[in-house]
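So the chains spell out like this:
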Amino acid sequence: MDAESNHPRATGVLLAAGNGSRLGLGPKALLRKANGDTLLESALGALLDGGCAHVLVVLGAEAEHVAQNLEPDEHFTVLVNDAWARGMGSSFALAMEAVPQGSSALVALVDQPGLAAKAVRRILEAHRPGRITAAGYRRGGTSMRRGHPVLFAPEHTALAASAATSDAGARAYLAAHPDMIDLVDCSDVDSGLDIDTVADLHLLGGGN
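What you see is a predicted model, and the numbers here were worked out from it, not measured in a lab.

### Some points on the overall build of the protein chain
Item 1. Each helix and strand counted, the protein chain has seven helices and seven strands in total.
Item 2. The order of α-helices and β-strands along the protein chain, N terminus first, is α-β-α-β-α-β-α-β-α-β-β-α-α-β.
Item 3. Taken over the C-alpha trace, the protein chain has a radius of gyration of 16 Å; the compact-globule value for 208 residues is 17 Å, and the two agree within 12%.
Item 4. Expressed as lengths along the three principal axes of its C-alpha atoms, the size of the protein chain is roughly 40 × 40 × 35 Å.
Item 5. Counting across all 208 residues of the protein chain, residues that qualify as buried make up 50%.
Item 6. Residue pairs in contact within the protein chain that sit at least 24 positions apart in sequence constitute 71% of those at least 6 positions apart.
Item 7. Just so you have it, the protein chain exposes about 9,500 Å², and 50% of that area is on carbon and sulfur atoms.
Item 8. Averaged over its 16 positive side-chain charges, the protein chain has a centre that lies 8 Å from the centre of its 24 negative ones.

### Digging into the environment of Gly89
Item 1. With respect to the helices and strands, the residue Gly89 is situated in helix H4 (residues 88-98).
Item 2. Sequence separation between Gly89 and Asp167 is 78 residues; the distance between their C-alpha atoms is 5.0 Å.
Item 3. Those residues in contact with Gly89, other than ones at most four positions away along the chain, are Ala164, Thr165, Ser166, Asp167, Ala168 and Gly169.

### A look at the state of the cysteines
Item 1. Counting across every chain of the model gives zero disulfides.
Item 2. With no disulfide partner, Cys52 has as its closest neighbouring cysteine sulfur the one in Cys186, 13 Å distant.
Item 3. Residue Cys52 is classed as buried on the basis of its relative accessible area, which comes to 2%.

### Describing the nonpolar core
Item 1. Residues Leu14, Leu40, Leu47, Val55, Val57 and Leu106 are the most contacted members of the largest nonpolar core, which totals 36 residues.
Item 2. Contributing elements (two or more residues each) for this core: strand E1 (11-16), helix H2 (39-50), strand E2 (54-59), helix H3 (63-67), strand E4 (105-109), helix H5 (117-126) and strand E5 (132-137).
Item 3. Of the residues forming this core, the biggest block, six residues, is contributed by H2.
Item 4. Discounting chain neighbours no more than four positions away, the residues touching Leu106 are Thr11, Gly12, Val13, Leu47, Cys52, Val120, Ile123, Leu124, Pro149, Val150 and Leu151.
Item 5. Counting residues in hydrophobic clusters, the runner-up holds 25 residues, among them Ala95, Met96, Val150 and Tyr173.

### A look at the sheet that holds strand E7 (residues 181-185)
Item 1. Taken in spatial order, the seven strands make up an open sheet running E3-E2-E1-E4-E6-E5-E7, and their pairing is mixed. The outermost strands of the open sheet, each flanked by one partner alone, are strand E3 (76-80) and E7. For this sheet the average axis-to-axis angle between neighbouring strands, irrespective of direction, equals 30°.
Item 2. Pairing geometry for E1 and E2, over six bridges, is parallel. Paired with Thr11 across the strands is His54, a residue of E2.

### Section: the packing of H2 against H5
Item 1. Between H2 and H5, the least distance of the axes is 8 Å, while the angle of their chain directions is 40°. With respect to H5, the axis of H2 lies oblique. The hand of the H2/H5 crossing is right-handed. Contact residues: Ala46, Leu47, Asp49 and Gly50 in H2; Ala117, Val120, Arg121 and Leu124 in H5.
Item 2. Split by residue class, the contact of H2 with H5 holds five nonpolar, one polar and two charged.

### Side note on the confidence of the model for the protein chain
Item 1. Chain-level statistics for the protein chain give a pLDDT mean of 90 and a share of 94% at 70 or above.
Item 2. Predicted confidence for residues 1-8 stays below pLDDT 50, and this span has 14 contacts to residues more than four positions away or in other chains.

### Details of the packing of H4 against helix H6 (residues 154-163)
Each pair of packed helices gets described by two things: the angle between the helix axes and the distance between those axes.
Item 1. Running from N to C, H4 and H6 point in directions that differ by 150°, and their axes come no closer than 8 Å. Here H4 lies roughly antiparallel to H6, going by the angle between them. H6 is crossed by H4, and the crossing has left-handed handedness. Across the interface between the two elements, Phe92, Ala93, Met96 and Glu97 of H4 pack against Thr157, Ala160 and Ala161 of H6.
Item 2. Taken together, the residues of the contact of H4 with H6 sort by class into five nonpolar, one polar and one charged.

So, how was this worked out
Residues numbered from 1 in each chain as written. Predicted model: local features only at pLDDT ≥ 70, side-chain atom pairs only at ≥ 80, totals over all residues. Heavy atoms only, no water. Helix = DSSP H or I, 4+ residues; strand = E, 2+ residues; numbered from the N terminus. Rg over C-alpha atoms; globule rule 2.2 N^0.38 Å. Buried < 20%, exposed > 50% of the residue type's maximum accessible area, 1.4 Å probe, protein only. Contact = heavy atoms within 4.5 Å. Areas by Shrake-Rupley, 256 points an atom, 1.4 Å probe, with all protein chains shown as cover. Lys, Arg positive; Asp, Glu negative; His and termini not counted. Charge placed at Lys NZ, Arg CZ, Asp CG, Glu CD. Disulfide = S-S within 2.5 Å. Core = buried A, V, L, I, M, F, W, Y, C linked by side-chain atoms within 4.5 Å. Pairing = 2+ DSSP bridges. Axes fitted to C-alpha atoms, helices over the stretch in contact; angles between N-to-C directions. Parallel < 35°, antiparallel > 145°, perpendicular 65-115°, else oblique. Left-handed = near helix turned anticlockwise from the far one by under 90°. Nonpolar A, V, L, I, M, F, W, Y, C, P; charged D, E, K, R; others polar. pLDDT = per-residue confidence, 0-100.

The structure is reproduced here in structure tokens:
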């Protein structure tokens, strides 16, 4: 049985509203990987192929232009965050409030180029009811550190949304509930690194 049949109500949340100010190349959602796909296309495909029944894509900066790079499809819905400049927290809250009642929510970042369906599927399959399940990554022999994607059971979606502030997203909520988090090692799939500056652009060379 695959991840989607195990978790038929898992909703993907793809945060893609930023303008990439630190990078200076426009919205990071439109950066292209070595295979020609934009980060937006790649991340959306990973969430759907990994088992999310539907995906909420949150756009903000240049939303109309960014949305033109997506072919309309019944498997995802675009949400526009007019307050995107306030930080990722506003996008996170907007999406979590739109997650259907009773659905878990798997949150991913568009600027993580190594996001792959295999990691999404692994997190969905490892998830336990009532818990928060997050990808973990080991870098350079260090202990495993929490990264994205992060899967919230239905009990946590509204609470996590209400705790979101500024650019923190779910950080404050996760820090306040460490006993509720299960880490799933995804180090063999991806580094978990995202693109923030020009020095990180080499990460676009990796495929899924």
